[in-house]
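# What the coordinates show
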Amino acid sequence: MAVQGAVCVFGDPGRGKTAAVRMALSEVPAGWKVTWVPVPVRPSVAGMRRAVFDALALPGRFPHTSALADAVVAGALGEARVLVVDEAQRLPVPCLEYLQSRWDHPGTRITLVLCCAVLCCAGQAASGHCPGCRNWRRGLARGRKSRVWPERKWRP
């Protein structure tokens, strides 16, 4: 958590990815918060922005402009936090780019965890057909917090 990285946990549907992440996050260091962000039914950047705002349980009403919403979310993400997005394979590239912009924003202290079904996302990434994973990895390689992460598979 101290490195504030990004992780993609992937595997076949029903193999325990979410359960494994929940178990791992039950032991986060003191001072870290865990926030689960639900993927909207029809994912869009506006919907993802709202989902992150709601998941953070921020006070007040959702701001009327995207700039204000992003500023409020960025302020909340200044605290040490793990942001988990389950079913991330459903997110289109612009939503992944929005999450990356929150992760890469100066002053944020988050570790981003994406849980993906291998059949929809990560399995295609190996062959280069999944635009979400491909763009996400390219963006991480250019980002200010980029790290080379070994890919590991967890099997129950």
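Residues numbered from 1 in each chain as written. Predicted model: local features only at pLDDT ≥ 70, side-chain atom pairs only at ≥ 80, totals over all residues. Heavy atoms only, no water.

A word on the packing of aromatic side chains. Counted under the stated rule, the structure contains 1 aromatic pair. Taking 5.1 Å as the distance between ring centres and 80° as the angle between the ring planes, the aromatic pair formed by phenylalanine 53 and phenylalanine 62 counts as edge-to-face. Residue phenylalanine 62 is classed as partly exposed on the basis of its relative accessible area of 22%. Between arginine 22 and the ring centre of tryptophan 36, over which it is positioned, the NZ or CZ distance is 4.1 Å. (Phe/Tyr/Trp six-rings, centres within 6.5 Å; stacked < 30°, edge-to-face > 60°. Buried < 20%, exposed > 50% of the residue type's maximum accessible area, 1.4 Å probe, protein only. Lys NZ or Arg CZ within 6 Å of the ring centre and 35° of its normal.)

As a further point, take the pattern of salt bridges. Evaluation of the coordinates by the stated rule reveals 4 salt bridges. Note that glutamate 79 is salt-bridged to lysine 33, the shortest N-O span being 2.8 Å. Here lysine 33 lies in strand 2 (residues 33-37) and glutamate 79 lies in the loop between helix 3 (66-76) and strand 3 (81-85), a separation of 46 residues in the sequence. Overall, the relative accessible area of 36% leaves glutamate 79 in the partly exposed class. Judged by its relative accessible area of 41%, lysine 33 falls in the partly exposed class. Among the charged side chains, a salt-bridge network with shared partners connects Lys33, Glu79 and Arg81. (Salt bridge = Lys/Arg side-chain N within 4 Å of Asp/Glu carboxyl O. Helix = DSSP H or I, 4+ residues; strand = E, 2+ residues; numbered from the N terminus.)

Okay, the packing of helix 2 (residues 45-55) against helix 3 next. Geometry of a packed helix pair, given as the angle between the helix axes and the separation of the axes. Look at helix 2 against helix 3: their axes get within 10 Å of each other, and the N-to-C directions meet at 35°. Once helix 2 is placed against helix 3, the crossing between them reads as left-handed. Contacts from Arg49, Val52 and Phe53 in helix 2 reach Ser66, Ala69, Asp70, Val72 and Val73 in helix 3. Each residue belonging to the contact of helix 2 with helix 3 can be placed in one class, and the counts come to 5 nonpolar, 1 polar and 2 charged. (Axes fitted to C-alpha atoms, helices over the stretch in contact; angles between N-to-C directions. Left-handed = near helix turned anticlockwise from the far one by under 90°. Contact = heavy atoms within 4.5 Å. Nonpolar A, V, L, I, M, F, W, Y, C, P; charged D, E, K, R; others polar.)

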